[in-house]
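Below, each chain spelled out in residue letters.
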Amino acid sequence: MVAPRFFRCAHAMQPSESMMSPAANDRPTRIVVDLGRLASNLHLIRARVGVPVMAIVKANAYGHGLVPVARHLQTVGVERLGVAFVEEGIALRRAGVTVPVLVLGGIFGPQVAQFIEHDLEITVSSLDKLRQVEATAQAMGRRAAIHLKIDTGMERIGVHSYSCGPLIEAACASRWCVLKGIYSHLACADDPDSPMTARQLERFQEACAHFERLGAPMPTRHLANSGGVLHFPDTWLDMVRPGIALYGVLPGSASKRSIAVEPVMSLVSKVVYFKVVKAGNPVSYGATWTAEHDTRVVTVPIGYGDGYPRALSSRGEVLIHGQRHPIVGRVCMDQFMIDIGRHSAWNEDEVVLIGEQRGEAISVETVAEQGGESPYEVLVGLNERIPRRYVGGLLRD
Ligand SMILES: *Cc1c(COP(=O)(O)O)cnc(C)c1O
């Protein structure tokens, strides 16, 4: 076995390069992930909250690439990772990620063996699920690491805070489960003015009081998602679980950048065609946009087949030469058109769809607003057809 080496990356790297055809790699449309910013966001958040961070990397690390992001977070010292499904946890283990991983989603009995086999922490959200985990752990002769999930107002998975006593008592008494944590999820923390968060925190504290009543040691308490991290210091408790903020994006339109996290993702492409559209002629499917006067129109080779929102048709903007230009007509599956007016652009000129160019910027938040989506959907929607490039980090060989 070769000892791990660390080196500073001199140019953009694509860890899965060898698995892809050269043609796929040459695609001029790409997502650029700045691992340096990812690490600095993690460190900014940790410095502010003063407790360990469980970095959430579900849904392909919010579109940034599950394995490269998780590996880098591990390299720069993240305490724990969180994913939604057991398959995501197994993918991390297969990629050699060794930090503790909590699977946040609800479990099915037959999956429990996989959790234990791959050393993944299990969310236990009811007494029934606890019994399933115990039975499997006992049968395998291996203890299972669990976090109890309390529902404090989300009404998703989790035992209600007002009836969680028996689950907590059974978990404390369990021979085959190691109680690593207790947690709940905030429904409205993206809005700093919502009264819901204080109510949820109070219910969570009441649930945790059962441990004192039982004279049992308190497991790690965690409650804060990105909204909690940004707006509600009382929710930080023993560990925080930021997702979107780690990638430098705010969770909601009312959210405040109270920690100076910076965007990690850029989405760039290149001009593939130039033409002049004559006054009165429509552009793209459905002929929904018509040139008022002769104008220059360029085509960009990315579309909703890549997850770029079709809702940006005649609404979104891109940057060329540091200048904002409007998308005109419908976004097609594989391309869309931009009206550059009297400006110039040549084939292969860089087009920035998300990110910075010559001091101008288009944020994920802006794209989300223009497309009538949440920033989560914009990030997670960008699919596997777009190659990811990783820059700015210490990458593990
Ligand atoms: C997705 C998720 C998070 C992270 O949410 P963000 O709003 O992206 O910070 C935290 N906890 C749970 C349980 C989640 O499902």
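An unreviewed UniProt entry annotates the chain as Alanine racemase originating from Marilutibacter alkalisoli. One UniProt comment on the chain, placed under Function (unreviewed entry), says "Catalyzes the interconversion of L-alanine and D-alanine. May also act on other amino acids."

Caption draft 1: View of the environment of Tyr-273. Counting through the fold element by element, Tyr-273 comes out in strand β13 (residues 273–277). The exposure class assigned to Tyr-273 is partly exposed, which follows from its relative accessible area of 48%.

Caption draft 2: Molecular detail of unusual backbone geometry. With phi around 45°, Leu-237 is a residue other than glycine that occupies positive phi space. Summarising the element assignment, Leu-237 is placed in the loop between α10 (226–231) and β11 (239–240). On the basis of relative accessibility, which here comes to 17%, the residue Leu-237 falls in the buried class. Even without being glycine, His-321 reaches a positive phi, approximately 55°. Position of His-321 relative to the elements: it lies in the loop between β17 (317–320) and β18 (323–328). For His-321, a relative accessible area of 28% corresponds to the partly exposed category.

Caption draft 3: Representation of the UniProt feature "active site" (unreviewed entry) in the chain. Per the UniProt record, "active site" (unreviewed entry) is found at Lys-58 and Tyr-285. On the basis of their most widely separated C-alpha atoms, the annotated residues across 228 residues do not gather in one place, lying as much as 35.0 Å apart. Structurally, Lys-58 can be placed in helix α3 (residues 58–62). Residue Lys-58 is classed as partly exposed on the basis of its relative accessible area, which comes to 29%. For Lys-58, the contacting residues outside a window of four places in its chain are Gly-82, Val-83, Ala-84 and Glu-88. Along the chain, Tyr-285 turns up in the loop between β14 (282–283) and β15 (289–290). A residue is classified by how much of its surface remains accessible, and Tyr-285, at 57% relative accessible area, is exposed. Beyond its immediate sequence surroundings of up to four residues, Tyr-285 is in contact with Arg-330 and Cys-332.

Caption draft 4: Representation of the site of the ligand within the structure. As a structural note, the neighbourhood of the ligand is formed by 13 residues, with Lys-58, Tyr-62, Ser-226, Gly-243 and Tyr-376 the closest of them. Between the ligand and Ser-226, the relevant distance is 2.5 Å, taken from an oxygen atom to a side-chain nitrogen or oxygen of the residue. The separation between an oxygen atom of the ligand and a polar main-chain atom of Gly-243 is 2.8 Å. Protein contacts shield 93% of the accessible area of the ligand, which totals 390 Å² for the unbound molecule. Here the residues of the shell around the ligand sort into six nonpolar, four polar and three charged.

Caption draft 5: Main features of the domain arrangement of the chain. Domains assigned within the chain are domain 1 (17–31 + 265–391) and domain 2 (80–238). Relative to domain 2, the C-alpha centre of domain 1 lies at a distance of 41 Å.

Caption draft 6: Quick peek at the sheet that holds strand β3 (residues 54–56). Here we have three strands laid out as an open sheet, ordered β3-β4-β5, and parallel in their pairing. Both outer strands of the open sheet, β3 and β5 (101–103), are each paired with one neighbouring strand and no more. Strand-to-strand, the axes of this sheet are offset by a mean angle of 30°, without reference to chain direction. Relative to β5, strand β4 (residues 80–83) is paired through three bridges, and the arrangement is parallel. In the strand pairing of β5, Leu-81 is matched with Val-101.

Caption draft 7: Structural view of the side chain of Lys-149. Positionally, Lys-149 belongs in strand β7 (residues 144–151). The buried charged residue Lys-149 lacks any salt bridge, with Asp-151 as its nearest oppositely charged partner at 7.6 Å. Those residues in contact with Lys-149, other than ones at most four positions away along the chain, are Thr-123, Val-124, Ser-125, Ile-157, Gly-158, Val-159, Tyr-183, Ser-184 and His-185.

Scoring rules and cut-offs
- Residues numbered from 1 in each chain as written.
- Predicted model: local features only at pLDDT ≥ 70, side-chain atom pairs only at ≥ 80, totals over all residues.
- Heavy atoms only, no water.
- UniProt positions renumbered as here; feature names shortened; annotations may be inferred.
- Helix = DSSP H or I, 4+ residues; strand = E, 2+ residues; numbered from the N terminus.
- Buried < 20%, exposed > 50% of the residue type's maximum accessible area, 1.4 Å probe, protein only.
- Contact = heavy atoms within 4.5 Å.
- Near = heavy atom within 4 Å.
- Polar contact = N/O pair within 3.5 Å; in protein donor to acceptor, adjacent residues only side chain to side chain.
- Areas by Shrake-Rupley, 256 points an atom, 1.4 Å probe, with all protein chains shown as cover.
- Nonpolar A, V, L, I, M, F, W, Y, C, P; charged D, E, K, R; others polar.
- Domains from an automatic or database assignment.
- Pairing = 2+ DSSP bridges.
- Axes fitted to C-alpha atoms, helices over the stretch in contact; angles between N-to-C directions.
- Lys, Arg positive; Asp, Glu negative; His and termini not counted.
- Salt bridge = Lys/Arg side-chain N within 4 Å of Asp/Glu carboxyl O.

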